[in-house]
Amino acid sequence: MSREAIGRELEAILLRMGVESPSVHLERPNDPTHGDWASNVAMTLAGTLRRPPRAIAEEIAEAFPTDGSIGVAAVEVAGPGFLNFRLSSDAVTAPVHEILRSGASFGRLSDAVDDPVMVEFVSANPTGLLHLGHGRQAALGDALSSLLEWAGHRVHREFYYNDAGRQIERLALSVLARYREVLGHEADFPEDGYRGDTIREIAAEIARDDGDRWIEAPTGEALERMREVAVARLRAEQDRDLETFGVHFDHYFLESSLFTEGRVEKTVSALRKTGTVYEKDGAVWLRTTDFGDQKDRVMIKSDGSPTYFLPDVAYHMTKWERGFRNAINVQGSDHHGTVDRVRAGLRALGLPEGYPEYVLHQMVTVERGGVEVKFSKREGDYLTLRDLVEEVGRDVTRYFFLMRKPEAHLVFDLDWAADQSDKNPVYKAQYAHARVSSILRKGGIPEDTPLDALPGADGTVALDPLDSEMERELIQQLASFADLVPRAAKHRAPHLVCDWLEQTAGQVNAWYHHGNPARNPEGAVLVDDPARRAARLALTGAIRIVLHNALTLLGLDAPARMGRAEEPETLTTSAERE
């Protein structure tokens, strides 16, 4: 509230100074000694007011109330005209009570956004286990969905199963070849077929259940059986991996349904009516250049089969028809070429420009000891999401996929990921949560106490004793989570939450070790002074709440106990015990 109050007061002062429609930007100073909030508004208005920026800043500072009415104790002018605002003690500690009152909902916007948002992600072909790109996409899509929910949106998570087209034909041919091999028959394995143990297992399963029934059967019938079993098995394998990864969907949409329900034909018919369809070289084309595409696109090939582009347009029309005016596709950067053509096809059908929105991510490279790791123990020619989760765990895998912005290439360092010390940002954050949970337990607060029932939630605990610079900075960092959520959601940037979480965990761990009774008994939480003890327990509860909420938003566990984080009753560190 202090930030909002400062902004409103600044705008009121600027209006009185003759500035029309003033816009004020406030930010945290890089150096905390410069104050709690800073603004360069005087410098931006120098041209408008035709006055030196420092003179403008001094007039603002003189007019700004510092009687505590809006939580500001002092306003200082620095350099050529920067304004630095120092909050009163009550304003600094106020977020602790707000956090404790809000509990698990702190940071969550209560005002719902009317229009629902569909987030489509993973959308893998059911032709093999999920690879690393799918894994990064699963983490990004799920975290982005959570961010949007926290920002007040109603979110629908959708998985589009590519269970039609050439890749499914290749899958069926691959399984049929392995099926023949299992039964001792010669087989020509397709050059572009799918390899790996999973395909062999599916073939062996069919041979066990059906015997040699499909050896002499018509090829079409045999391929249909291979397709049916393989798609079902691989969908189950992918679902299993997503369940382990903590990712769930509201709906699974089958590409094949676009054909069986006639949606592809309806889309072709609708496009023909727009006058943007023409025929050339025996194929049917859409004049996508009318809508900004680099070249026109083939919809139906000369052999009568549709290109990938056509069912994609038909599918996105269903999103619009189902009421999703906001649709976000989380996809790999290899889909970059499909963006313009799909949007062009939709614009031809009357949908708005820029629909759907795309969040494209770069590839993932896995390294161990500085050397790239390429091959899966199971699939042979590519690493799988399952490989990573089995190697370093779900939480580490999710966090590492999220900690870089999507458009940046991600190097997944297995040595770093396997490190269970504070050097690993996941353990750093989880240790911080476990440490404050340990303090609360030793302060007599049961581990299962609801987050909105921790000490101080009723607002009766006096927070005046939280007067150290370290406590002041930590409280401000906790409070900034509420500003972070809508900003990260707006920019589709879960990595900003990772950045915030690592920084906050670092501050919490530093505060924790600073208060080690063996080194600094005056800085400990559980001191003899009842007022200081109560205030610090309230701060500890606020820390636990915000760390829990940030970890939960990213889909990570918030453990109350961890081996390295547990301390004996004296609260000495593990290093001191050793």
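Residues numbered from 1 in each chain as written. Predicted model: local features only at pLDDT ≥ 70, side-chain atom pairs only at ≥ 80, totals over all residues. Heavy atoms only, no water.

## Digging into the overall build of the chain
Next, step 1: Along the backbone of the chain there are 22 helices and 14 strands.
Next, step 2: Judged by the C-alpha coordinates and their principal axes, the chain covers about 90 × 65 × 40 Å.
Next, step 3: Per-residue burial over the chain gives 52% buried out of 578 residues.
Next, step 4: When contacts within the chain are restricted to residue pairs at least 6 apart in sequence, long-range pairs at least 24 apart make up 70% of them.
Next, step 5: Total accessible area on the chain is roughly 25,900 Å²; 47% of this is exposed by carbon and sulfur atoms.
Next, step 6: Counting 67 positive and 92 negative side-chain charges, the chain places the centres of these two groups 2 Å from one another. (Helix = DSSP H or I, 4+ residues; strand = E, 2+ residues; numbered from the N terminus. Buried < 20%, exposed > 50% of the residue type's maximum accessible area, 1.4 Å probe, protein only. Contact = heavy atoms within 4.5 Å. Areas by Shrake-Rupley, 256 points an atom, 1.4 Å probe, with all protein chains shown as cover. Lys, Arg positive; Asp, Glu negative; His and termini not counted. Charge placed at Lys NZ, Arg CZ, Asp CG, Glu CD.)

## Some remarks on the sheet that holds strand β7 (residues 277-280)
Next, step 1: Taken in spatial order, the 3 strands make up an open sheet running β7-β8-β9, and their pairing is antiparallel. The strands lining the two open edges of the sheet, one partner per strand, are β7 and β9 (297-300). Ignoring strand direction, the axes of neighbouring strands in this sheet form an average angle of 45°.
Next, step 2: Contacts from helix α12 (residues 309-321) reach β8 (283-286) and β9, with the element oriented near 80° to β9. (Pairing = 2+ DSSP bridges. Axes fitted to C-alpha atoms, helices over the stretch in contact; angles between N-to-C directions.)

## Overview of the pairing of strand β12 (residues 364-368)
Next, step 1: With 4 bridges connecting them, β12 and strand β14 (residues 410-413) associate as parallel partners. The residue bridging Thr365 from the neighbouring strand is Val411, located in β14.
Next, step 2: With 3 bridges connecting them, β12 and strand β13 (residues 371-373) associate as antiparallel partners. By the bridge assignment, Glu367 is partnered in β13 with Glu372.

## Looking at the packing of helix α19 (residues 481-490) against helix α20 (residues 495-514)
Next, step 1: Their axes nearest at 9 Å, the elements α19 and α20 cross at an angle of 160°. Here α20 runs roughly antiparallel to α19, going by the angle between their axes. When the axes of α19 and α20 are compared, the crossing they make is right-handed. Two secondary-structure elements touch here, α19 through Phe481, Leu484, Arg487 and Ala488 and α20 through Leu496, Val497 and Trp500.
Next, step 2: Across the contact of α19 with α20, the residue classes break down as 6 nonpolar, no polar and 1 charged. (Parallel < 35°, antiparallel > 145°, perpendicular 65-115°, else oblique. Left-handed = near helix turned anticlockwise from the far one by under 90°. Nonpolar A, V, L, I, M, F, W, Y, C, P; charged D, E, K, R; others polar.)

## Details of the packing of aromatic side chains
Next, step 1: Inspection of the entire model under this criterion finds 20 aromatic pairs.
Next, step 2: Measuring from ring centre to ring centre gives 6.4 Å for Phe245 and Phe401, while their planes differ by 75°; the resulting arrangement is edge-to-face. Of this pair, Phe245 sits in the loop between α9 (219-244) and β6 (251-254) while Phe401 sits in helix α15 (residues 394-402), placing them 156 residues apart in sequence.
Next, step 3: When its relative accessible area of 0% is taken as the criterion, Phe245 is described as buried.
Next, step 4: Taken together, the ring pairs connect Phe121, Phe159, Tyr161, Phe249 and Tyr252 into an aromatic cluster.
Next, step 5: The ring centre of Trp150 lies 4.3 Å from the NZ or CZ of Arg108, which sits over that ring. (Phe/Tyr/Trp six-rings, centres within 6.5 Å; stacked < 30°, edge-to-face > 60°. Lys NZ or Arg CZ within 6 Å of the ring centre and 35° of its normal.)

## Thoughts on the sheet that holds strand β4 (residues 117-120)
Next, step 1: With parallel pairing, 5 strands are arranged side by side in an open sheet as β6-β5-β4-β10-β11. Only two strands of the sheet have a single neighbouring strand rather than two, namely β6 and β11 (357-361). Across this sheet, the average inter-strand angle for adjacent strands is 25°, counted without regard to direction.
Next, step 2: In this sheet, β6 lies alongside strand β5 (residues 155-161) in parallel orientation, the contact comprising 4 bridges. Note on β6: the bridge partner recorded for Phe159 is Tyr252.
Next, step 3: Each of β4, β5, β10 (326-332) and β11 is contacted by helix α6 (residues 132-150), which is oriented at about 155° to β10, the strand it contacts most.
Next, step 4: Here α9 sits on the sheet in contact with β5 and β6, set at roughly 145° to β5.

## A word on the environment of Val396
Next, step 1: Examined against the element boundaries, Val396 turns out to sit in helix α15.
Next, step 2: Judged by relative accessible area, which is 3%, Val396 ranks as buried.
Next, step 3: Through-space distance from the C-alpha of Val396 to that of Asn424 is 8.6 Å; in sequence the pair is 28 residues apart.
Next, step 4: In this structure, Val396 is in contact with Ala417, Asn424, Val426 and Tyr427, ignoring residues within four places of it in sequence.

## Things to note about the confidence of the model for the chain
Next, step 1: Per-residue confidence for the chain gives a mean pLDDT of 92, with 96% of residues at or over 70.
Next, step 2: Predicted confidence for residues 567-578 stays below pLDDT 50, and this span has 25 contacts to residues more than four positions away or in other chains. (pLDDT = per-residue confidence, 0-100.)

## A look at the nonpolar core
Next, step 1: Residues Phe412 and Phe481 are the most contacted members of the largest nonpolar core, which totals 95 residues.
Next, step 2: Considering every element that reaches this core, the biggest residue donor is helix α21 (residues 530-553), with 12 residues.
Next, step 3: In this structure, Phe481 is in contact with Phe106, Gly107, Trp150, Trp500, Val546, Asn549, Ala550 and Leu553, ignoring residues within four places of it in sequence.
Next, step 4: Of all hydrophobic cores here, the second largest spans 27 residues; its members include Val284, Leu310, Tyr315 and Val342. (Core = buried A, V, L, I, M, F, W, Y, C linked by side-chain atoms within 4.5 Å.)

## Digging into the side chain of Glu471
Next, step 1: Topologically, Glu471 is positioned in helix α18 (residues 469-479).
Next, step 2: Residue class for Glu471 comes out buried when judged on its relative accessible area of 3%.
Next, step 3: Within polar-contact distance, the side chain of Glu471 engages the side chain of Arg536 at 3.2 Å.
Next, step 4: When near neighbours in sequence (up to four residues on either side) are disregarded, Glu471 contacts Pro465, Leu466, Trp511, Arg536 and Leu539. (Polar contact = N/O pair within 3.5 Å; in protein donor to acceptor, adjacent residues only side chain to side chain.)

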